Amino acid sequence: MSASVARVPTASASRYLQQLCKHWSHRLTVVFDAEQGSVDFPNGARLELRADPDTLDLLLRVPDGEDEARMRGVVEEHLNRFAFREGPLTFEWRAG
């Protein structure tokens, strides 16, 4: 299993966390509140989110054999949809 982390600068972290989790809760196993959340994907990947006043912290775990770059892209694409007023968010992924 590989892990990637990103600290995304935004003053709207809690809002984006909740929007993303609500959006995915219709199809995936999701647990969240205003400050943290987790999303379990069918391929065994798991996204954990934490909202701070100035950042949205992400931890993405992807099973061996799955496309980590694709999963990062899925997360980025969805979060950027919710952040359209703010412009594209900055994701600087690194090994976790």
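The sections below set out a description of the structure shown in this document. Computed from a prediction, not measured in an experiment: that's the story for all the values here. (Residues numbered from 1 in each chain as written. Predicted model: local features only at pLDDT ≥ 70, side-chain atom pairs only at ≥ 80, totals over all residues. Heavy atoms only, no water.)

1. With respect to the environment of Asn43
Line of reasoning, step 1. Here Asn43 shows up in the loop between β3 (36-40) and β4 (46-51).
Line of reasoning, step 2. Taking the C-alpha atoms as reference, Asn43 lies 12 Å from Thr29; in sequence the two are 14 residues apart.
Line of reasoning, step 3. Here Ala45 takes part through its backbone nitrogen, which lies 2.9 Å from a polar atom of the side chain of Asn43.
Line of reasoning, step 4. A polar contact of 3.2 Å, which involves the side chain of Asn43, links it to the side chain of Glu66. (Helix = DSSP H or I, 4+ residues; strand = E, 2+ residues; numbered from the N terminus. Polar contact = N/O pair within 3.5 Å; in protein donor to acceptor, adjacent residues only side chain to side chain.)

2. Quick notes on the packing of helix α1 (residues 13-24) against helix α2 (residues 68-82)
Each pair of packed helices can be summarised by the angle the axes make with each other and by the distance between the axes.
Line of reasoning, step 1. It is at 10 Å that the axes of α1 and α2 come closest, and there the two elements cross at 115°. Considering only the axes of α1 and α2, their crossing is right-handed. Between α1, through Tyr16, Gln19, Leu20, His23 and Trp24, and α2, the contact on the second element is made entirely by Val74, Val75, His78, Leu79 and Phe82.
Line of reasoning, step 2. Among the residues forming the contact of α1 with α2, the class breakdown is seven nonpolar, three polar and no charged. (Axes fitted to C-alpha atoms, helices over the stretch in contact; angles between N-to-C directions. Left-handed = near helix turned anticlockwise from the far one by under 90°. Contact = heavy atoms within 4.5 Å. Nonpolar A, V, L, I, M, F, W, Y, C, P; charged D, E, K, R; others polar.)

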